[in-house]
Amino acid sequence: MLPAVLAARHPEPDLPQVAQAIRPAERSLLRFITCGSVDDGKSTLLGRLLWETGAVYEDQAEALARDSARFGTDGKNRDYALLVDGLSAEREQGITIDVAYRYFATPRRAFIAADTPGHEQYTRNMATGASTADVAILLVDARKGVLPQTRRHSSIVSLVGVKDIIVAINKMDLVGFDEAVFRRIEAEYRALAEQLGFRSIHVLPLVARDGDTLTRRSGRMPWYAGPTLLDLIETLEPVLPTDGRFFLPVQWVNRPDADFRGFSGTIASGQIRVGDPVTILPQGRASRIAEILTPEGTRSAAKAGEAVTVTLADETDVVRGDVITLGHRPGHTTGTLTARLLVLGERRLAPGDRMLIKLGCATVPARFEALAHELSVEDLSPRPAGHLAMNGIGKVVLRPEAPLFALPYEECRTLGSFLLIDPITHATLAMGVIDTVSGPSREASTRPGKPAPAVLPRFWPKSRVERTRLAVTTLAFALAGFLLTGTLAGALALAALDAIGRPLLHALQDRFWPAGERPASAPVPEPGLDGGGI
Amino acid sequence: MHQTSHLRRLEAEAIFIFREVFATCDRPVLLYSIGKDSAVLLHLALKAFAPGRLPFPVLHVDTGWKFREMIAFRDETARRLGLDLIVHTNPEGLAAGIGPLTHGSAVHTDVMKTQALKQALDKHGFDAAFGGARRDEEKSRAKERIFSLRTPDHRWDPRSQRPEPWLLFNTRKAQGESFRVFPLSNWTEADVWDYIALESIPVVPLYFAKPRPVVQRNGALIMRDDDRLTLLPGEAPEMRMIRFRTLGCYPLTGAVESRADTLEAVLAEMRESRVSERQGRVIDHDSTSSMEKKKQEGYF
């Protein structure tokens, strides 16, 4: 038998015909993201996948043949990377580096591939692309092994909750198809990924350029008996939210005439049937499902992912941003959220900042209350920080300033992810995933009497120490006023001046000198973990 | 549990996008170009707002050079569905007699499509316009957002485009700014046809093969839809069995020879087709990255 290195390269495949037995109504969908730097062969892998699944048309193939001869890096052979080279063209022109989406299908599945550049400064693009991905394909150059970049990409896809990861160890031809090299990299990767919470990790040896282990097993690596890349993406089952508790964020109140009042939205998780008892959150009003309209007509049941319109048995006040859930439960609104934030915009974010939070279909004002720590993009390890800059990731506490129903991301992707928006420029500032949600109860119980209006939360000091300090200083001002003027009126006037003026000064200080930019007077406490949701 | 088919997932995504715009923008409009993508777009919009009627108007920017069958189909569709149809033609372009044959495709497209679209959007104060563009149509569209923010003069600034993680859209905008919104972003040409078949959506008969009068010009088969297509020396229209994969202004749209005269036959032909649909569009070949340039100028 010939040594593997001498075995023939796969011949250049002809432009394949698209498989005939397509039953589109039964084909499922998988979204994936490819990560890795340009040099790892990411574009080649994606281009060759498009080619072999018949997504490349003849005129595009002719263009590829021309381009390969002119710019190709593989001699006379086709350079599959040129099929998806839009991003490199952008890079040369120095304009926005972005997420590009590619589409192809096999008889079993349709695929949407998010193609993102791999450099550190494009973390936000990777996170955007990964946020909708069911699977991440992470490329590793067999000659280089696990790099800091491998770790970084793994961290980002883990942050946005990708559960299945495929590690494609590429360019195996350049290490003589050596199984030992493959096993060493595999072991190293599995060790680094241990903390990242993936459900499955598949490691494959590839030569993307020649198609080895891409859509068929390679004669050059007989020691590898596992699935090909295409096998995996055709069969990995995405995590579906149909099993969770039923939540329907109300997107729009559908009221075409006086006789019909429906609540439209896309079911975030779970399933619902006509007649089921429901509660409208955050208020907590109860009702019952009367009708379910789906794109396929009136149905007796519906499940996660479907864009439905439901009607309720009672005349209930429901507005956009409310959430309909299954069963009778008390009202619930959010006191604070602890979340991991990734800064998308150019504006630096610091505690004290006010912005809008868009979560599900609700948009409410929110306050950036505390920055627990910044998370290193390399491995998500914490380090102290006063603010977050573009591409920075941080563990933060946010306080919505209007009723809002939220859930941890692990429990519900739709109600556990959000955007932060600048209320003045309307720019998107950050994306975030919620780790824990705390109700307002504990906060309210520490407040004397009626809770302060939400718009003035800073005016009443939160800790007992601060309140005592306020009382003592106000008394001191009153005493000084009495001593200076000798009258009770003078004492009251000076105390009142202090009582009104100090919060005003605090507010002004917050406005023009956000907390994150000035030295913290006390360490920010680790946010309490008092269980998520309801 | 059985997975939802990819067509139903694409359908749900598009409906979500329609509702999100209608719930957050003041005055949306659906840009209707009469073709197959528009047919699907309109069908999805009707589903998004059922059981009510379509709660916003439908705008057709008429260059004056559409196939006659397209116009007939448009008017029939508007009547059948009870649409609030607005037809706009650039009056200055019309007065100046701008056309693709006399002024070339670049000038014609700019005046009669790009400028006309801006006029219509400004005239009616629309702040969000739905379009049927798909990311698979052309390389430069692969990175186009679903919500494309436009300046008050309709320009597309690559730097101000917003990230769209999850299906979470920031729909806030300043006075005068507007959105172009593409609910079919994640659809492919095959998805559009499969969905037309699945939902029995009516489309313009020009998509089905029939003997039609054509001339060979610059390597394309151009249908002589009326006598404004003056014949060049040596040209003689001949009847050929043809159909169209995309529809636009008739002198700028190449036909393909085909025997596919039913939807089933078109689907079968599609699966075997090895040529991309935009090859029949003269407009894309004007210059490299021409779509990119047109987009920055405000073309869809």
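Please read all numbers here as calculations on a predicted model, not as lab measurements.

Rules used throughout
Residues numbered from 1 in each chain as written. Chains lettered and ligands numbered in written order. Predicted model: local features only at pLDDT ≥ 70, side-chain atom pairs only at ≥ 80, totals over all residues. Helix = DSSP H or I, 4+ residues; strand = E, 2+ residues; numbered from the N terminus. Buried ≥ 20, exposed ≤ 12 C-beta atoms within 10 Å, placed from the backbone. Contact = placed C-beta atoms within 7 Å. Nonpolar A, V, L, I, M, F, W, Y, C, P; charged D, E, K, R; others polar. Pairing = 2+ DSSP bridges. Axes fitted to C-alpha atoms, helices over the stretch in contact; angles between N-to-C directions. Domains from an automatic or database assignment. Parallel < 35°, antiparallel > 145°, perpendicular 65-115°, else oblique. Left-handed = near helix turned anticlockwise from the far one by under 90°. Core = buried A, V, L, I, M, F, W, Y, C linked by C-beta atoms within 7 Å. Expected span 1.5 Å × (residues − 1). pLDDT = per-residue confidence, 0-100.

1. Here's the deal with the overall build of chain A
The secondary structure content of chain A amounts to 10 helices and 23 strands. Scored against the burial criterion, the 534 residues of chain A give a buried share of 44%. In chain A, once contacts between residues fewer than 6 apart in sequence are set aside, the share between residues at least 24 apart is 71%.

2. Things to note about the interface of chain B and chain A
Every contact between the two is made by 48 residues of chain B and, on the other side, 53 residues of chain A. When contributions to the side of chain B that touches chain A are tallied by element, the ones reaching two or more residues are helix H1 (6-24), helix H2 (36-49) and helix H6 (189-199) of chain B. The greatest single-element share of the side of chain B that touches chain A, amounting to 11 residues, is contributed by H1 of chain B. Per-class residue counts for the side of chain B that touches chain A are 19 nonpolar, 11 polar and 18 charged.

3. Observations regarding the pairing of strand E3 (residues 109-115) of chain A
Two faces, one strand: in a regular strand the side chains alternate between the faces of the sheet. All names here are of chain A. Counting buried positions along E3 yields six of seven residues, so the element is predominantly enclosed. Examined bridge by bridge, strand E1 (residues 28-35) and E3 share seven bridges and lie parallel to one another. Within the sheet, the bridge partner assigned to Ser28 lies in E3 and is Arg109. Looking at chain direction, strand E2 (residues 100-105) and E3 are connected through six bridges and run antiparallel. Each residue of the ladder has a partner; that of Ala105, found in E3, is Ala110.

4. Focus on the sheet that holds strand E8 (residues 220-223) of chain B
With antiparallel pairing, four strands are arranged side by side around a closed barrel as E7-E8-E10-E9 (chain B). Across the sheet, the mean angle from the axis of one strand to that of its neighbour is 75°, orientation sign disregarded.

5. Considerations on the domain arrangement of chain B
All names here are of chain B. As assigned here, chain B comprises domain 1 (6-192 + 289-297) and domain 2 (204-285). Between the C-alpha centres of domain 1 and domain 2 the distance comes to 24 Å. Each side of the interface is counted separately: domain 1 has 21 residues, and domain 2 has 19 residues. Residue assignment for the side of domain 1 that touches domain 2 shows that the elements contributing at least two residues are helix H3 (68-81), helix H5 (100-124), H6 and helix H8 (290-297). For the side of domain 1 that touches domain 2, the residue count by class is nine nonpolar, five polar and seven charged.

6. Brief notes about the packing of H6 of chain B against helix H7 (residues 263-272) of chain B
Residue and element names in this part refer to chain B. Two elements in contact, H6 and H7, have axes separated by 11 Å at closest approach and are oriented at 160°. Between H6 and H7, the angle falls in the class roughly antiparallel. Judged by the sense of rotation from one axis to the other, the crossing of H6 with H7 is left-handed. Contacts between H6 and H7 involve Ala190, Trp193 and Ala197 from the first element and Leu263, Val266, Leu267 and Met270 from the second. Of the residues that constitute the contact of H6 with H7, the class distribution is seven nonpolar, no polar and no charged.

7. Quick word on the sheet that holds strand E3 (residues 85-88) of chain B
The pairing of strands in a sheet comes from backbone hydrogen bonds and takes either a parallel or an antiparallel form. Residues and elements named next belong to chain B. One open sheet accounts for six strands, arranged E3-E2-E1-E4-E6-E5; its pairing is mixed. The two strands at the open ends of the sheet, each matched to only one other strand, are E3 and strand E5 (147-150). For this sheet the average axis-to-axis angle between neighbouring strands, irrespective of direction, equals 25°. Note: strand E1 (residues 28-31) against strand E4 (residues 128-130), three bridges, orientation parallel. Residue pairing across strands places Val29 opposite Ala129, the latter belonging to E4.

8. Here we look at the nonpolar core
Core analysis: the biggest nonpolar cluster contains 207 residues, and Ala136, Ala168 and Ile169 of chain A together with Leu30 of chain B have the highest contact counts within it. Of all the elements, H1 of chain B adds the most residues to this core, at 10 residues. Non-local contacts of Ala136 of chain A, meaning those with residues more than four positions away in its chain, are made with Phe32, Ile33, Cys35, Ala130, Val157, Val162 and Ile165 of chain A.

9. Digging into the domain arrangement of chain A
Interfaces are often described in size by the accessible area the parts lose on coming together. Residues and elements named next belong to chain A. Here the domain parsing of chain A yields domain 1 (4-239), domain 2 (242-326) and domain 3 (336-442). With centres defined by C-alpha atoms, the gap from domain 2 to domain 3 works out at 28 Å. Across the boundary between the two partners, domain 2 contributes 13 residues, which contact 10 residues of domain 3. Taken together, the residues of the side of domain 2 that touches domain 3 sort by class into seven nonpolar, five polar and one charged.

10. Description of H1 of chain B
If you check H1 of chain B, its first and last C-alpha atoms are 27 Å apart, about what 19 residues at 1.5 Å a residue would give, namely 27 Å. When you tally the buried positions in H1 of chain B, you get 17 out of 19 residues, the bulk of the element.

11. Here's the deal with the packing of helix H4 (residues 123-131) of chain A against helix H5 (residues 148-159) of chain A
Residue and element names in this part refer to chain A. Contact pair H4 / H5: the axes reach a minimum separation of 9 Å and the direction vectors enclose 45°. Classified by the angle their axes make, H4 and H5 are oblique. Here the hand of the crossing between H4 and H5 comes out right-handed. Here Thr123, Met126, Ala127 and Ala130 of H4 lie close against H5, whose contacting residues are His153, Ile156, Val157 and Leu159. Looking at the contact of H4 with H5 residue by residue, the classes come out as six nonpolar, two polar and no charged.

12. Looking at the pairing of E2 of chain A
Most of E2 of chain A is tucked away, with five of its six residues classed as buried. The antiparallel hairpin formed by E2 of chain A and E3 of chain A contains three residues in its connecting segment.

13. Description of the environment of Ile86 of chain B
Residues and elements named next belong to chain B. Mapping Ile86 onto the fold places it in strand E3. Overall, Ile86 belongs to the partly exposed group, with 17 C-beta atoms counted inside 10 Å. Distance from Ile86 to Leu59, taken between C-alpha atoms, is 4.7 Å for residues 27 residues apart in sequence. Ignoring anything within four residues of it in the chain, the contact list for Ile86 reads Pro57, Leu59 and His124.

14. Some points on the confidence of the model for chain A
Residues and elements named next belong to chain A. Of all residues in chain A, 73% attain a pLDDT of 70 or more, and the chain-wide mean is 81. Within the model, pLDDT remains below 50 along residues 1-7, and this stretch shows nine contacts once partners closer than five positions in the same chain are excluded. The low-confidence segment residues 17-21 (pLDDT under 50) makes seven contacts with residues lying over four places distant or belonging to another chain.

15. Focus on the environment of Arg152 of chain A
Residues and elements named next belong to chain A. Secondary-structure assignment places Arg152 in helix H5. Taking the C-beta count within 10 Å as the criterion, Arg152 has 21 such neighbours and is therefore assigned buried. Through-space distance from the C-alpha of Arg152 to that of Leu380 is 8.4 Å; in sequence the pair is 228 residues apart.

16. Overview of the confidence of the model for chain B
Residue and element names in this part refer to chain B. Mean pLDDT over chain B works out to 90, with 89% of the residues at or above the 70 mark. The model gives residues 283-290 a pLDDT under 50, and that stretch makes 10 contacts with residues more than four places away or in other chains. Here the predicted complex scores 0.84 on pTM and 0.91 on ipTM.

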